[in-house]
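# Fold and geometry: a report
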Amino acid sequence: MNPIVLFDGVCNFCDASVQFIIKNDPKGKFRFAPLQSDIGQKLLKQYHFSSHVDSIVLIEEDKTYCKSDAALRICRHLKGLWKLTYILIIIPAPARNFVYDVLARNRYKWFGKKDSCVLPSSDVRRRFLS
């Protein structure tokens, strides 16, 4: 099973992050679904998350990760020097998640919000779950 990234589909920063992952994942390993989508909600329920989760969620090898754990685990699969960011996993999760939470709380204010999830271009649409 390919890893699945659940993300906030109306957040401009989250959308840019997904585009970044796609660009740096040339093998097309990751699959994506907005948290707000039916499949996103189904996966949250299946993996015992609240339907109101407000974080990136990574489902990898039937395990789930969120917040900075998810972000770092995603980075370790990307091309280039991004793999090296995984070393930050040695920082205790509460410290990493403090920084993550500051960004998450301010993401709409700093980066904006869409009215709805944007459809991906046809060349990457196959990587999105529906």
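Procedures and definitions
Residues numbered from 1 in each chain as written. Predicted model: local features only at pLDDT ≥ 70, side-chain atom pairs only at ≥ 80, totals over all residues. Heavy atoms only, no water. Helix = DSSP H or I, 4+ residues; strand = E, 2+ residues; numbered from the N terminus. Bend = angle between axes of the 7 residues up to and from the residue. Buried < 20%, exposed > 50% of the residue type's maximum accessible area, 1.4 Å probe, protein only. Contact = heavy atoms within 4.5 Å. 1 Å grid on protein atoms, 1.4 Å probe; cavity = no way out; pocket = protein on both sides within 12 Å on 5 of 7 lines; lining within 4 Å. Points joined across faces, edges and corners; volume = space filled by probe spheres on them. Nonpolar A, V, L, I, M, F, W, Y, C, P; charged D, E, K, R; others polar. Pairing = 2+ DSSP bridges. Axes fitted to C-alpha atoms, helices over the stretch in contact; angles between N-to-C directions.

Labelled according to an unreviewed UniProt entry, the chain appears under the name Thiol-disulfide oxidoreductase DCC family protein, originating from Siminovitchia terrae.

## Some details on the environment of Ala93
Mapping Ala93 onto the fold places it in helix H4 (residues 93-111). Sequence-wise, Ala93 and Arg105 are 12 residues apart; in three dimensions their C-alpha atoms are separated by 17 Å.

## Focus on H4
Roughly 45 degrees is the biggest bend found in H4, and it falls at Arg105. For H4, every residue scored as buried is listed here: Arg96, Asn97, Tyr100, Ala104, Asn106 and Arg107. If you follow the buried residues of H4, they end up packed against helix H1 (12-23) and helix H3 (67-75). Of the residues one or two after H4, Gly112 is the one with positive phi, at around 90 degrees.

## Points about the layout of surface pockets
Taken as a whole, the largest pocket encloses approximately 760 Å³ of empty space. Of all the secondary structure elements, the ones that give two or more residues to the lining of the largest pocket are strand E1 (4-7), H1, H3 and H4. With 7 residues, the single largest contributor to the lining of the largest pocket is H4. Grouping the amino acids of the lining of the largest pocket by side-chain chemistry returns 22 nonpolar, 4 polar and 4 charged.

## Here's the deal with the sheet that holds strand E2 (residues 31-34)
The strand order E2-E1-E3-E4 describes an open sheet built from 4 strands, whose pairing is mixed. The open sheet terminates on both sides in strands that have one partner only, identified here as E2 and strand E4 (63-66). Taken pair by pair, the neighbouring strands of this sheet meet at an average axis angle of 20 degrees, ignoring direction. Bridge count between strand E3 (residues 57-60) and E4: 4 bridges; the pairing is antiparallel. Each residue of the ladder has a partner; that of Ile59, found in E4, is Thr64. Lying over the sheet, helix H2 (residues 38-46) contacts E1, E2 and E3, oriented at roughly 110 degrees with respect to E1.

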